[in-house]
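Chain and residue survey
Residues per chain, in single letters:
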Amino acid sequence: MSTLNGKRVVTSALCCALLSLIMLGKTLAQETFFEATTLEDYLRQAQAANPDLKAFKARYEAAMQRAPQVSALPDPMLQVTSFVESVQTRTGPQENIFMLSQRFPWFGKLSSKENVATAEAEALWYAFQSRQLLLARKVATSYFDYAFTGKAISLTRENLDWIRELEPIIEEKVRGGGDINPLLRLKVEVGKIADKVASLQQKRIAQSAHISELLAVTDGTVLPWPQLDTPEVTSLEEQPLLDAITLNNPELQMIKRKIHSAEARQEIARLASYPDFTFGINYIQIGSPEVNPDTPDAGTDPWGVTASMNIPLWFEKNDSARAEAMAGKRAVIHTYNNRVNALEAEMRSSLALLDDAHRRLKLYGDELLGLAEQAVENSRTSYESGRTGILEVIDSERSLLDLQLLSWRAAADAWKQRIIIQTLVNQPIQGFVSTEKQNE
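Residues numbered from 1 in each chain as written. Predicted model: local features only at pLDDT ≥ 70, side-chain atom pairs only at ≥ 80, totals over all residues. Heavy atoms only, no water.

Bringing the packing of aromatic side chains into the picture now. Pairs of aromatic rings are described using the distance from one ring centre to the other and the angle between the two planes. One pass over the structure, following the stated rule, counts 11 aromatic pairs. When the centroid spacing of 5.6 Å and the interplanar angle of 70 degrees are considered together, the rings of Trp-106 and Phe-107 count as edge-to-face. Seen in terms of ring centroids, Tyr-143 and Phe-144 are 5.1 Å apart; in terms of plane orientation they differ by 90 degrees. Their pairing is edge-to-face. Residue class for Phe-144 comes out buried when judged on its relative accessible area of 3%. Put simply, the rings of Tyr-42, Tyr-143, Phe-144 and Trp-415 touch in pairs and so form one group of aromatic residues. A cation over a ring is seen here: Lys-151 above Trp-408, with NZ or CZ 4.3 Å from the ring centre. (Phe/Tyr/Trp six-rings, centres within 6.5 Å; stacked < 30°, edge-to-face > 60°. Buried < 20%, exposed > 50% of the residue type's maximum accessible area, 1.4 Å probe, protein only. Lys NZ or Arg CZ within 6 Å of the ring centre and 35° of its normal.)

Here you go:
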C-alpha cells in the first residue's frame, strides 16, 4: 500500500513538473527578447511588431472593402401580399400578390459614392505611411538620445575613476602633514560625480522602457547600448527639400485625398436634386372562379410592370447639403495649406538645428577638446609637483567632461535632425523604411 502511495506521489510530482515546464515554455514564447544595437534593427523591429502601426494598416484594409459596397445597386425588394379575405374579380378571387422591384439611383450617384470611398481608402493608406514615418522618427530620435546616455555614463565613469586616482596622492600629502581640505573637496566631487552616474543609470531605465514600448518588446529587460558615431558634416539646400515636402510627404498626400473625397461629396450633394427610379414586376395569383366560371380568361393569373420615381421636392434640404459639401471642401483645403506651412517651418527649423549641431561638432571636436585634454595633463602635473591646488585639477577634469558630453550631444542632435529631415520628405531612413504603395 505504501509503495502504491509512493508511486502516486512520484507521478503527481512528475505531472506538476511537466505542467510547470509547459507554462514556462508558453511564458518564454510570449516574451520578446531584443539584443540588437543598430538603428536598422530597431526600425525593423518597430515596423514588424508595433501594434499601433498594425491598427492603422487594418483600418486601411477595412476601408478598401468599402468601395465595392457603396458602388453596388440597392438590394431588390420582394413584396408578398396575401389576402385574408379574397377580393372577387371577374376572372376569379385574388389570393396573393407578388411584387419584385429594383431601385436605380440617378446616373452618377453610385460612381460618386465609389469615388468618395476610394479617396477615403487612399487617404487611410497615406495615413498608414505617415504613421510609419512617425514611428520611425520616434524610434530613431529615441535611439540617439539613448545612445548619448550610454556615452554620458561611460565618460562620467571615466571621469570618476580619474578623480579617484588622485585620492592616494592627496592622502599621502595629508599623512605627511599637508592640509586636509583638498581631500575633503575631492571627496565632495567624487560624491557629486557618483550621484550623476546614478541619475544617468535611472535615466537609462526610463529611456529603455519608452523604446521598448515603441518596439513592442515585452520581456522587461533593459535594452543594450546602441551604437553612436560622429556624423560627417554635410550641407543641405533648403529649397529642394521644401519642394520634396509638397511632392512626397504622406500627410499632405493624405489631405489631398480628403480633398478628392470632398469634391466627390459635392457631386453627391448636387445629384441629390435628381430622382431615383424604381422598376418592378407584379404578379397576381387568382383562385378558381366560383362566379361566372365560363368567363374568358377565368382563373388566369395576370401580371404587369411598374415604374416609379421619388420626387426631390424639399429644395431647402438639398441646398443645405450642397452648402455643407462646399464648406467641407474649403475646410480640408485650409487644413492642407496650414500643414504645408507647418511642415515647411519644421523643415527650416531642422535645417537650422542641423547647422548648429555641425557647428558645435566642429568647435568641440576640432578645437576645444584637444585644449581641454592638454589642460588636464598640465594641471595634474602641476598638482603633483605642488605648483597648483586640487581645485584647479577638479575644474580641468570637469571642463574636459563637459566638453566631451557637449561633443557627443552635438553628434546625437545632428543625427536626430537628419532623421527629422528624412521623415519630412519621406526618404528612407538608412535605406530601410519603405513607403511605396503596395498592392493589397
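The rest of the description comes next.
The next thing to look at is helix α9 (residues 250-271). An ideal rise of 1.5 Å per residue puts 32 Å on 22 residues; α9 measures up with 32 Å between its terminal C-alpha atoms. Among the residues of α9, Pro-250, Leu-252, Gln-253, Met-254, Ile-255, Arg-257, Ile-259, Ser-261, Ala-262, Ala-264, Ala-269 and Leu-271 are the ones counted as buried. On its buried face, α9 sits against α5 (109-164), α8 (238-248) and α10 (315-384). (Helix = DSSP H or I, 4+ residues; strand = E, 2+ residues; numbered from the N terminus. Expected span 1.5 Å × (residues − 1). Contact = heavy atoms within 4.5 Å.)

On the surface, a cluster of nonpolar side chains totalling about 470 Å² of accessible area is made up of Ile-281, Tyr-283, Trp-303 and Val-305. Elements supplying a minimum of two residues to the nonpolar patch: β3 (277-286) and β4 (303-309). If you trace the backbone, Ile-281 turns up in strand β3. Residue Ile-281 is classed as partly exposed on the basis of its relative accessible area, which comes to 45%. (Patch = residues over 30% accessible without salt bridge, like charges linked within 9 Å, V, L, I, M, F, W, Y side chains within 5 Å. Areas by Shrake-Rupley, 256 points an atom, 1.4 Å probe, with all protein chains shown as cover. Salt bridge = Lys/Arg side-chain N within 4 Å of Asp/Glu carboxyl O.)

So, about the pattern of salt bridges. Enumeration according to the criterion identifies 25 salt bridges in this entry. For the salt bridge of Arg-380 with Glu-165, the shortest nitrogen-to-oxygen distance reads 3.6 Å. Of the two residues, Arg-380 sits in helix α10 while Glu-165 sits in the loop between α5 and α6 (166-175), which places them 215 residues apart along the sequence. Exposure remark for Arg-380: the relative accessible area of 18% places this residue in the buried category. A relative accessible area of 46% means that Glu-165 is categorised as partly exposed. Here the salt bridges do not stand alone but share partners, grouping Asp-145, Asp-356, Arg-359, Arg-360, Arg-409, Asp-413 and Lys-416 into one network.

Two elements, strand β1 (residues 77-89) and strand β2 (residues 92-104), share 9 bridges in a ladder whose sense is antiparallel. In the sheet register, Leu-78 faces β2, and the bridge partner there is Leu-100. As consecutive antiparallel partners, β1 and β2 are separated by 2 residues. (Pairing = 2+ DSSP bridges.)

This next bit is on the packing of α5 against helix α11 (residues 390-424). Axis separation between α5 and α11 bottoms out at 10 Å; the angle between their running directions is 170 degrees. In terms of orientation, α5 lies roughly antiparallel with respect to α11. Split into classes, the residues belonging to the contact of α5 with α11 amount to 17 nonpolar, 5 polar and 7 charged. (Axes fitted to C-alpha atoms, helices over the stretch in contact; angles between N-to-C directions. Parallel < 35°, antiparallel > 145°, perpendicular 65-115°, else oblique. Nonpolar A, V, L, I, M, F, W, Y, C, P; charged D, E, K, R; others polar.)

Looking now at the sheet that holds β4. Whenever strands of a sheet pair, they do so through backbone hydrogen bonds, lying parallel or antiparallel. Here we have 4 strands laid out as an open sheet, ordered β1-β2-β3-β4, and antiparallel in their pairing. Across the chains shown, the open sheet's two edge strands, defined by having one partner strand only, are β1 and β4. Pairwise comparison of adjacent strand axes, ignoring direction, gives a mean angle of 20 degrees for this sheet. Inspection of the sheet shows β2 paired to β3 by 10 bridges, in the antiparallel sense.

Next up on the list: the nonpolar core. The biggest cluster of nonpolar side chains holds 61 residues, and the ones touching the most others in it are Leu-39, Tyr-42, Val-139, Phe-144, Leu-215, Ile-245 and Met-347. Top element by residues in this core is α5. It accounts for 17 residues. Setting aside its immediate chain neighbours within four residues, Val-139 contacts Tyr-42, Leu-43, Ala-46, Leu-214 and Leu-215. Residues Leu-166, Ile-170, Ile-193 and Val-393 belong to the second largest nonpolar core, which totals 12 residues. (Core = buried A, V, L, I, M, F, W, Y, C linked by side-chain atoms within 4.5 Å.)

The next subject is the side chain of Arg-360. Relative to the elements of secondary structure, Arg-360 occurs in helix α10. A polar side-chain atom of Arg-360 sits 3.1 Å from a polar atom in the side chain of Asp-413. If we ignore the near neighbours within four places in the chain, the residues touching Arg-360 are Gly-365, Arg-409, Ala-410 and Asp-413. (Polar contact = N/O pair within 3.5 Å; in protein donor to acceptor, adjacent residues only side chain to side chain.)

A positive phi angle, near 60 degrees, is found at Ala-216, a position not held by glycine. Looking at the secondary structure, you find Ala-216 in the loop between α7 (181-215) and α8. The residue Asn-426 is not glycine, and still its phi comes out positive at about 60 degrees. Since its relative accessible area comes to 16%, Asn-426 is described here as buried.

For the rest of this paragraph, the subject is the pairing of β3. In the sheet, β3 pairs with β4 via 7 bridges, with the strands oriented antiparallel. The residue of β4 that forms the bridge with Tyr-283 is Trp-303.

Another point: the confidence of the model for the chain. Detailed conclusions should not be drawn from predicted coordinates in areas where pLDDT is low. Looking at the chain as a whole, its pLDDT mean stands at 85, while 88% of the residues score no less than 70. Of all helices and strands in the chain, the one with the weakest mean pLDDT is helix α1 (residues 2-30) (38), whereas α9 scores best (96). For the stretch residues 1-32, pLDDT sits under 50, and the model shows 9 contacts to residues farther than four places along the chain or on other chains. (pLDDT = per-residue confidence, 0-100.)

This brings us to the environment of Ser-111. Tracing the backbone through its elements, the reader meets Ser-111 in helix α5. Put simply, Ser-111 and Ser-71 are 40 residues apart on the chain and 6.1 Å apart in space, counted from C-alpha to C-alpha. A distance of 3.1 Å separates a polar side-chain atom of Ser-111 from the backbone oxygen of Gly-108.

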